[in-house]
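Survey of secondary and tertiary structure
Listed below, chain by chain, are the residues.
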Amino acid sequence: MKKTICVIGKGHSGTGFLATILKGSGVYMGKHTNRDMDKGPFVNIYRIMSLPVGCRQGAIARHKKSGTKYARYVKAATDSVPNIEWDFSGMVNGSIPDIVRYELKTYIEDLKNITQNLVGWKLTESNLIYPWLVRLYPDWYYIHLVRDVRDIMNRPELTDTDSHTDLFNVEGYTSRPNKNKFPENNLVRALNWKYQLDIVKSIETPNYIRITLEDLVMSHGEVIKKLSDFLGFEVNPGRPRKEVVESWRGKNGKGRENWEEFSFLNDYMEELKYSDWPLFGDNKEYRRK
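Here goes a summary of the coordinates provided. Source: prediction; values computed, not measured.

1. Side note on the overall build of the protein
- Within the protein, the regular secondary structure consists of 11 helices and eight strands.
- Compactness check: the protein gives a C-alpha radius of gyration of 19 Å against a globular reference of 19 Å for 289 residues, within 12% of the reference.
- Principal axes of the C-alpha set define a box for the protein whose edges measure 60 × 50 × 35 Å.
- The 289 residues of the protein split such that 53% are buried.
- Considering only intrachain contacts with a sequence separation of at least 6, the fraction spanning at least 24 residues in the protein is 71%.
- Of the roughly 14,000 Å² of accessible surface on the protein, a fraction of 47% belongs to carbon and sulfur atoms.
- Across the protein, the centroid of the 44 positively charged side chains sits 6 Å from that of the 37 negatively charged ones.

Listed below in structure tokens is the structure:
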């Protein structure tokens, strides 16, 4: 029986490293992959990644034949500035657009056609459609990789400028889908980090595991064993680079942000056991060894 593994996680969270580990363990990761191990054809996901908020490639999404607008499946939960809570119930319980079914079916055609029993893929933009993925493919194995938001802030990526960011209600900010024009706004990046954790939490699936990049690197053997037990086959260890952990500290070891302004991240930072966060200070219990 074919087993499909989907690696999810915000861009620059180490998902490419994890996908490389899976490939080295005998998992077919797609017919076409780039140097970051993203599986093509990318256009299929890009066409539908903004549909949850009623947009497509930066514009309002409309049905080709009727011209009517697509429904909005995700909404801001408050009128606060910024908004830090979202309602994903439309994606979890509402109808799934036919175009989503078609694009995803086309996207994974190479995985379906190959005779190999272990297949998988990763493309970080798929996080934005995660509830639809789970509903359409509940038997897949989902590995969720999370990285410290302080490291994420230093690396802008496409979803930081996508139409989903309009839900953050950041004063004076307009989302710009052009990936070559990243606005410098750490508040948006921090909200997007929380948004992508929240959207994954919005729906349960039987085969799901969440790990942090920091544990994958610093407790590598332990995490590899955990992944092997989860997937049901031996995962070969890769070669983690310790310098990716807490790179936000910089050369002086202190970092550059006043983290108190991102207090809406407190719960997640404690849940994920990230040290030196203002909520709980320099807690050595949480420090990765």
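2. Thoughts on the nonpolar core
- Among the nonpolar cores identified, the biggest contains 63 residues, and Trp121, Trp193, Tyr195 and Leu265 are the most heavily contacted of them.
- Looking at this core, the element that brings in the most residues is helix 8 (residues 186–201), giving eight residues.
- Among residues more than four places away in sequence, those in contact with leucine 265 are Val149, Ala190, Trp193, Lys194 and Trp277.
- In this structure, Ile21, Met37, Tyr141 and Leu231 belong to the second largest nonpolar core, which totals 26 residues.

3. Notes on unusual backbone geometry
- Proline 41 follows glycine 40 through a cis peptide bond whose omega is 0 degrees.
- Note on placement: proline 41 falls in the loop between helix 1 (15–24) and helix 2 (42–48).
- The amide bond that connects valine 81 to the next residue, proline 82, takes the cis arrangement and shows omega of -5 degrees.
- Structurally, the position occupied by proline 82 is in the loop between strand 4 (75–76) and strand 5 (86–87).
- A positive phi angle is found at asparagine 169, which is not glycine, with a value near 55 degrees.
- Of note in this structure, glutamate 246 is not a glycine but carries a positive phi near 55 degrees.
- As for its placement among the helices and strands, glutamate 246 is situated in the loop between helix 10 (220–231) and helix 11 (266–271).

4. Things to note about helix 10
- Here helix 10 contains 12 residues, and its C-alpha end-to-end distance of 16 Å stays within 8% of the 16 Å for a straight helix at 1.5 Å per residue.
- Inspection of helix 10 places His220, Val223, Ile224, Leu227, Ser228, Phe230 and Leu231 among the buried residues, and these make up the whole buried set. Down the axis, helix 10 shows its buried residues gathered within 165 degrees of arc, on one side only. In helix 10, those exposed residues whose orientation departs by more than 90 degrees from the buried face are Gly221, Glu222, Lys225 and Asp229.

5. Describing the environment of histidine 220
- The residue histidine 220 is located in helix 10 in this model.
- With a relative accessible area of 13%, histidine 220 lands in the buried category.
- Once the C-alpha coordinates of histidine 220 and tryptophan 140 are considered, the two residues, 80 residues apart in sequence, prove to be 24 Å apart.
- A polar side-chain atom of histidine 220 sits 3.4 Å from the main-chain amide nitrogen of glycine 238.

6. Looking at the pattern of salt bridges
- Summed over the entire model, instances satisfying the criterion amount to 15 salt bridges.
- A salt bridge links arginine 150 to aspartate 148, with the nearest nitrogen and oxygen atoms 2.8 Å apart.
- The salt bridge involving arginine 249 is made with glutamate 246; its shortest N-O contact spans 2.7 Å.
- With relative accessibility at 15%, the residue arginine 249 sits in the buried group.
- Taken together, the shared-partner salt bridges connect Lys10, Glu157 and Asp160 into one network.

Cut-off values and rules
Residues numbered from 1 in each chain as written. Predicted model: local features only at pLDDT ≥ 70, side-chain atom pairs only at ≥ 80, totals over all residues. Heavy atoms only, no water. Helix = DSSP H or I, 4+ residues; strand = E, 2+ residues; numbered from the N terminus. Rg over C-alpha atoms; globule rule 2.2 N^0.38 Å. Buried < 20%, exposed > 50% of the residue type's maximum accessible area, 1.4 Å probe, protein only. Contact = heavy atoms within 4.5 Å. Areas by Shrake-Rupley, 256 points an atom, 1.4 Å probe, with all protein chains shown as cover. Lys, Arg positive; Asp, Glu negative; His and termini not counted. Charge placed at Lys NZ, Arg CZ, Asp CG, Glu CD. Core = buried A, V, L, I, M, F, W, Y, C linked by side-chain atoms within 4.5 Å. Expected span 1.5 Å × (residues − 1). Arc of directions from axis to C-beta. Polar contact = N/O pair within 3.5 Å; in protein donor to acceptor, adjacent residues only side chain to side chain. Salt bridge = Lys/Arg side-chain N within 4 Å of Asp/Glu carboxyl O.

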